[in-house]
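Chain and residue survey
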Amino acid sequence: MSKVIGYASGVFDLFHIGHLNLLRHAKARCDYLIAGVLTDEAASHKGHAPVVPLHERLEIVQAVDCVDEAIVDSTLEKMEAWEQVGFHRLFKGDDWKGTPRGAQWEHDFAAVGVEVVYLPYTVHVSSTTLRQIIQVLNAEDRT
């Protein structure tokens, strides 16, 4: 059997344990893990620009032991990423399972033989939550 290539993409802003958990779980389910780091433009769907610049986010993700390769991901369209990378498994947090977008991924990727694998989402931390905490602390420092 040939090696199984996995793909996990994200903004990976304010890198935290949830990001690390996703990448570790993904690597445990493939032979070669490629992490796509979304550009600032692609990440703008979140409603704000990432705090950490793209080149630094890319370097941080590449330094994680379980990541075999980190690439710049300029699209939210996972089929476009698949056309560029050629992965066998797409890894997403289980917060996507049962959503319209998750169902679309499952449908689209089934047609090309790619498995969509949902991994446990770390509920107690997110970049959004960290960003909010930082804003509150900054506001308190100003008063």
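What counts, and at which threshold
- Residues numbered from 1 in each chain as written.
- Predicted model: local features only at pLDDT ≥ 70, side-chain atom pairs only at ≥ 80, totals over all residues.
- Heavy atoms only, no water.
- Helix = DSSP H or I, 4+ residues; strand = E, 2+ residues; numbered from the N terminus.
- Areas by Shrake-Rupley, 256 points an atom, 1.4 Å probe, with all protein chains shown as cover.
- Salt bridge = Lys/Arg side-chain N within 4 Å of Asp/Glu carboxyl O.
- Buried < 20%, exposed > 50% of the residue type's maximum accessible area, 1.4 Å probe, protein only.
- Axes fitted to C-alpha atoms, helices over the stretch in contact; angles between N-to-C directions.
- Left-handed = near helix turned anticlockwise from the far one by under 90°.
- Contact = heavy atoms within 4.5 Å.
- Nonpolar A, V, L, I, M, F, W, Y, C, P; charged D, E, K, R; others polar.
- Core = buried A, V, L, I, M, F, W, Y, C linked by side-chain atoms within 4.5 Å.
- Phe/Tyr/Trp six-rings, centres within 6.5 Å; stacked < 30°, edge-to-face > 60°.

Looking at the overall build of the protein
The secondary structure content of the protein amounts to six helices and five strands. Listed by position from the N terminus, the elements making up the protein come as β-α-β-α-α-β-α-β-α-β-α. Accessible area of the protein: about 8,000 Å², with a carbon and sulfur share of 54%.

Topic: the pattern of salt bridges
Taken as a whole and assessed by the stated rule, the structure comprises three salt bridges. The salt bridge involving aspartate 68 is made with lysine 27; its shortest N-O contact spans 2.6 Å. Taken together, the positions of aspartate 68 in the loop between helix 3 (54-63) and strand 3 (69-73) and lysine 27 in helix 1 (residues 17-27) put the pair 41 residues apart, joining distant regions of the chain. Using a relative accessible area of 29% as the deciding quantity, one classes aspartate 68 as partly exposed. Here arginine 89 ties to glutamate 115 by a salt bridge, and the two come within 3.0 Å at their closest N and O atoms. Of this pair, arginine 89 sits in strand 4 (residues 89-93) while glutamate 115 sits in strand 5 (residues 115-119), placing them 26 residues apart in sequence.

Quick notes on the packing of helix 4 (residues 78-85) against helix 5 (residues 100-110)
The N-to-C vectors of helix 4 and helix 5 enclose an angle of 35°; their axes lie 10 Å apart at closest approach. Taken as a pair, helix 4 and helix 5 cross one another with a handedness that is right-handed. Within the contact between the two elements, helix 4 uses Lys78, Met79 and Trp82 and helix 5 uses Trp105, Asp108 and Phe109. The residue inventory of the contact of helix 4 with helix 5, partitioned by class, reads four nonpolar, no polar and two charged.

Things to note about the nonpolar core
One finds Ala8, Leu23, Leu33, Val61, Val67, Phe91 and Leu119 to be the most contacted residues of the largest nonpolar core, which totals 19 residues. Among the elements that take part in this core, helix 1 stands out by supplying four residues, more than any other. Among the nonpolar cores identified, the runner-up in size contains eleven residues, and Ile34, Ala81, Phe109 and Val114 belong to it.

Focus: the packing of aromatic side chains
Going through the model one piece at a time under the given rule, you end up with four aromatic pairs. Centroid distance tyrosine 7 to phenylalanine 87: 4.9 Å. Interplanar angle 5°. Geometry classified as stacked. In this pair, tyrosine 7 is assigned in strand 1 (residues 5-10) and phenylalanine 87 in the loop between helix 4 and strand 4, connecting sequence segments 80 residues apart. Considered together, tyrosine 7 and phenylalanine 87 belong to a single accessibility category, that of buried residues. With a centroid separation of 5.1 Å and 55° between ring planes, the pair formed by tryptophan 96 and tryptophan 105 is classed as tilted. Residue classification places tryptophan 96 among the partly exposed positions, given a relative accessible area of 29%. Joined through ring pairs, the aromatic side chains of Tyr7, Phe87 and Phe109 make up one cluster.

Re unusual backbone geometry
Phi is positive for phenylalanine 12, which is not a glycine, with a value near 55°. Within the fold, phenylalanine 12 resides in the loop between strand 1 and helix 1. Judged by its relative accessible area of 4%, phenylalanine 12 is buried. Although it is not a glycine, leucine 14 sits at a positive phi angle of roughly 45°. Within the element layout of this structure, leucine 14 appears in the loop between strand 1 and helix 1.

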